[in-house]
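Architecture at a glance
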Amino acid sequence: MEESKKVIFSGVKPSGDLTLGNYLGAIKNWVKLQEEYECYFCVMDLHAITVKQEPKDLRRRTLEILAIYLASGIDPDKNTLFIQSHVPAHCEASWLLTCCTYMGELSRMTQYKDKSKNSGGSISAGLFNYPTLMAADILLYQSNLVPVGKDQFQHLEMARNIAERFNKTYSDTFALPEAYTAKAGAKIMDLQDPTKKMSKSEKNVNGYILIMDPPEVIRKKVNRAVTDSLGVVKYNDEQLGVKNLMTILMTINNVTIEEIENKYQGLGYSQFKKDVAEAIVSELEPIQVKTKEYIGNKAYLEGIYKKGSDKASYVSNKTLRKMQKKMGFIPR
Ligand code: TRP
């Protein structure tokens, strides 16, 4: 039974505090996958350092993300929860795959192009190589499905291409991963500029809501969210701010566009915004409480990530040994 389950791999990198976008677009949906799939949920700390990190922030965020996974309802007995750097196979496989990847492919990645544009000239080689490490993450577990946002599709396709190339050169080794796109996998936009995805790297703090933002901050940010002068709650591309707030409400309260449009007919934005804020607060508050509890219990967290990395190491090493053998390395 266990064996026949499809494998899911995903993760978030601790390069900034997680936002409502990370929660509604990713983590909340992972909770629904745990019954049906064999899931690996990882904290991608090795990916975080592709751009400069303050060590104490990296440390804090890595544990906080693990705590958020748990607080959101990801069951550590049903899933493998671990920290990427605790499983050396990721780095080892990444080197082997780096040697099966072309400079040309890597330079075409839009994330690399975008990020290196704003970096003021000092771009790490790690940022360039980011997709090969991500390919290693995915391929080591023979992952079938990878729940990621659209911005990661190009990297996923690259992982698939590398896998196909390896399989062709050295015989069948890797399962070919596909994107898992949930119906409800909402893309949450910036509250100040709803043409952009909500992001923790945004300079204007009013543009995003953090999972750990206190209720009064959430209320203030929603209240300040950009709307328009039409004054009608309607889901369309002329009213991107309103559309985004509706998406948030739909995802949290499980209601339809029509239900929201009907409810706020003739009411203007003030009540609508209040309700959106309360929906967010009531969704996040219990998660915040639990997250803080887990963070306060370091021994428990340690037990979780140790158990997770044992399991992950066992599974990934099997694939890594196959790769090494096929490439011609002497077995240890
Ligand atoms: N690149 C992903 C992101 O920024 C994070 C990530 C790293 C990841 N390795 C992964 C996601 C493997 C899914 C699978 O969101």
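In this text, all values refer to a predicted model and were calculated from it rather than measured experimentally.

**Brief notes about the site of the ligand**
In the vicinity of the ligand, 13 residues are found, and the nearest of them are Lys 13, Met 44, Tyr 130, Asp 137 and Gln 152. Here a nitrogen atom of the ligand sits 2.7 Å away from a polar atom, N or O, in the side chain of Tyr 130. One nitrogen or oxygen atom from the side chain of Gln 152 is found 2.9 Å from a nitrogen atom belonging to the ligand. Taking 370 Å² as the accessible area of the ligand by itself, protein coverage stands at 91%. The biggest single contributor to the shell around the ligand is helix H7 (residues 125-140), with 4 residues.

**Overview of the domain arrangement of the protein chain**
According to the domain assignment, the protein chain consists of domain 1 (7-186 + 297-327) and domain 2 (205-292). Each partner contributes residues to the interface: domain 1 has 14 residues there, and domain 2 has 15 residues. For the pair domain 1 and domain 2, the summed buried area comes to about 1300 Å², and 75% of that belongs to carbon and sulfur atoms. Broken down residue by residue, the surface that domain 1 buries against domain 2 is led by Leu 20, Tyr 23 and Ala 71, which jointly contribute 40%. Our count for the contact surface shared by domain 1 and domain 2 stands at 1 salt bridge. As a salt-bridge pair, Lys 28 and Glu 283 come within 2.9 Å of each other at their nearest N and O atoms. The interface formed by domain 1 and domain 2 contains 4 residue pairs in polar contact (both at pLDDT 80 or more). Secondary structure elements with two or more residues in the side of domain 1 that touches domain 2: helix H1 (20-33) and helix H3 (55-71). Across the side of domain 1 that touches domain 2, the residue classes break down as 9 nonpolar, 2 polar and 3 charged.

The rules behind each value
Residues numbered from 1 in each chain as written. Predicted model: local features only at pLDDT ≥ 70, side-chain atom pairs only at ≥ 80, totals over all residues. Heavy atoms only, no water. Near = heavy atom within 4 Å. Polar contact = N/O pair within 3.5 Å; in protein donor to acceptor, adjacent residues only side chain to side chain. Areas by Shrake-Rupley, 256 points an atom, 1.4 Å probe, with all protein chains shown as cover. Helix = DSSP H or I, 4+ residues; strand = E, 2+ residues; numbered from the N terminus. Domains from an automatic or database assignment. Contact = heavy atoms within 4.5 Å. Buried area = accessible area lost by both parts, 1.4 Å probe. Salt bridge = Lys/Arg side-chain N within 4 Å of Asp/Glu carboxyl O. Nonpolar A, V, L, I, M, F, W, Y, C, P; charged D, E, K, R; others polar.

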